[in-house]
Amino acid sequence: QVQLVEPGGGLVQVGDLLRLSCAASGRTLSIINMAWFRQAPGKGREFVARIGWTGGDTEYADSLKDRFTIPKDNVKNTLSLKMNILEPEDTGLYYCAAGLRNRRDYDFWGQGTQVTVSS
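Only a predicted model underlies this, so the values are computations on that prediction, with no experimental measurement involved.

**Notes on the overall build of the protein**
Now for step 1: For the protein, the helix and strand inventory stands at zero helices and twelve strands.
Now for step 2: Counting helices and strands in the order they occur from the N terminus, the protein gives β-β-β-β-β-β-β-β-β-β-β-β.
Now for step 3: Against the 2.2 N^0.38 benchmark of 14 Å for 119 residues, the protein shows a C-alpha radius of gyration of 13 Å, consistent with a compact globule.
Now for step 4: Dimensions of the protein, computed from the C-alpha atoms along their principal axes, are close to 40 × 25 × 25 Å.
Now for step 5: Within the protein, the proportion of its 119 residues that are buried is 42%.
Now for step 6: Of the contacts made within the protein by residues no fewer than 6 positions apart, 55% connect residues no fewer than 24 positions apart.
Now for step 7: In the protein, 14 side chains carry a positive charge and 13 a negative one; their mean positions are 5 Å apart.

**Quick notes on the state of the cysteines**
Now for step 1: This structure, assessed with the given rule, holds one disulfide.
Now for step 2: Here C22 is linked by a disulfide to C96, with a sulfur-sulfur distance of 2.0 Å. Linking C22 and C96, the disulfide has an S-S dihedral of approximately 45° and is accordingly described as right-handed. Placement of the pair is C22 in strand β3 (residues 18–26) and C96 in strand β10 (residues 92–99), with a sequence separation of 74 residues.
Now for step 3: Taking the relative accessible area as the measure of exposure, C22 reaches 1% and is therefore buried.

About the criteria used
Residues numbered from 1 in each chain as written. Predicted model: local features only at pLDDT ≥ 70, side-chain atom pairs only at ≥ 80, totals over all residues. Heavy atoms only, no water. Helix = DSSP H or I, 4+ residues; strand = E, 2+ residues; numbered from the N terminus. Rg over C-alpha atoms; globule rule 2.2 N^0.38 Å. Buried < 20%, exposed > 50% of the residue type's maximum accessible area, 1.4 Å probe, protein only. Contact = heavy atoms within 4.5 Å. Lys, Arg positive; Asp, Glu negative; His and termini not counted. Charge placed at Lys NZ, Arg CZ, Asp CG, Glu CD. Disulfide = S-S within 2.5 Å.

The structure is reproduced here in structure tokens:
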């Protein structure tokens, strides 16, 4: 089992920056891949970014790659999401996820943290 806890989130203004974090515990040595997803009100879950837990290779949603980065800290077992120049469309529930099998499937999810961008 891997436990994922996401403190942070909150209410910000358009153009602000915000950093989300995700703390992993449990079978962290088995993690292959971690990612962030988000879900806007009334919409389905959307991929934001992923990172190889050991190799550090990254992948971003095309529409977000110029504003978001996904740093990690393997010593502290934390995953972050740095979000710049926030827009109202970035409002949603942000989830971190961990995969133990491959680079595409995710086995464990955090509880989600709310980000609201106010204009």
